[in-house]
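So the chains spell out like this:
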Amino acid sequence: MRSPTGQPQNMGKLVEMIQTAVTAGRLDVAEQLAGQTDNYLLSELVQSLYKEGYVALAKERLMQMEPRLLREPSPPLLELSLIWAEICYDEGRYDEAAPIFETIAERHPDFAAARFGAASCYLQLAIANLKRRIQLYHPPKTEQEKICKYLDDFHHALNLIQTSGWHTEWNQTQVRHFPIKPATVLH
């Protein structure tokens, strides 16, 4: 039976079951409960996956969505946009993450984490640009020292921003669900 808004009347119970299934590692059950068509249930599934450290699976589900929905955050997909921005940040796609964080901050001025996320992206971009400048232009030693001082300042600012807790922090149980990184061969 559906409510006047078209949502199942037992939506709360369904959401709870999805969260429980993900926590228990029964991802197949969580996927079946969420289905393929309801954005609210999809949002709950992705949030549960991400919260438990199933970052790759959360990303996979997010990539099935219309990209515009993630880049233009609005309820009920605001949390998904934040997760997408964090994933982009973690993958070094700062130029993609920054505008998402900014849009969230504009629409929700009290949400400081989004502002810190955007600031972190811009600092990361500045660091990359300065490093690239050294590699491309091979400036004289005095210029390199100045650039290195700027890099140190940017790293210090980035470390201060990281202490704000803007980004999801993972515990050992969650890290266990991260994808295995390929081993590097040492020569």
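Sequence positions are assigned chain by chain, starting from 1 and proceeding in written order. At least 70 in pLDDT is required for a residue's local features to be given in this predicted model, at least 80 for side-chain atom pairs to be given and counted, and no such filter applies to totals for whole chains, interfaces and linings, which use all residues. Based on all heavy atoms of the structure, the side-chain values leave hydrogens and waters out of the count.

Concerning the pattern of salt bridges
Item 1. The rule for a salt bridge is simple: a side-chain nitrogen of Lys or Arg has to be within 4 Å of a carboxyl oxygen of Asp or Glu. Using the criterion set out here, one finds eight salt bridges in the structure.
Item 2. Between Lys149 and Asp153 there is a salt bridge, with its nearest N and O atoms 2.8 Å apart. Of this pair, Lys149 and Asp153 both sit in helix 9 (residues 141-162), four residues apart, roughly one helical turn.
Item 3. What makes Lys149 partly exposed here is its relative accessible area of 47%.
Item 4. Overlapping salt bridges, with partners in common, bring together Lys59, Arg71, Glu91, Arg93 and Glu96 in one network. Secondary structure elements follow DSSP: runs of H or I no shorter than four residues count as helices, runs of E no shorter than two count as strands, and numbering proceeds from the N terminus. With a 1.4 Å probe rolled over the protein chains alone, any residue whose accessible area is under 20% of its type maximum counts as buried; one over 50% counts as exposed, and the rest are partly exposed.

Overview of the packing of helix 1 (residues 11-23) against helix 2 (residues 27-34)
Item 1. Between helix 1 and helix 2, the least distance of the axes is 7 Å, while the angle of their chain directions is 160 degrees. When the axes of helix 1 and helix 2 are compared, the pair comes out roughly antiparallel. Here the hand of the crossing between helix 1 and helix 2 comes out left-handed. Mapping the contact onto sequence places Leu14, Met17, Ile18, Ala21 and Val22 in helix 1 and Leu27, Val29, Ala30, Leu33 and Ala34 in helix 2.
Item 2. For this scheme, ten residues count as nonpolar: Ala, Val, Leu, Ile, Met, Phe, Trp, Tyr, Cys and Pro. Four count as charged, namely Asp, Glu, Lys and Arg, and the remainder, Gly too, count as polar. Among the residues making up the contact of helix 1 with helix 2, the classes are represented as 10 nonpolar, no polar and no charged. Whenever a helix is involved, its axis is fitted only over the stretch in contact; in every case the axis is a line through C-alpha atoms, and angles between N-to-C directions fall within 0 to 180 degrees. In what follows, roughly perpendicular refers to angles from 65 to 115 degrees, roughly parallel to angles under 35, roughly antiparallel to angles over 145, and oblique to any angle outside these ranges. Helix crossings fall into two classes, left-handed where the near helix is turned counterclockwise from the far one by less than a right angle and right-handed where it is turned clockwise. By the convention used here, residues are in contact when the closest approach between their heavy atoms is within 4.5 Å.

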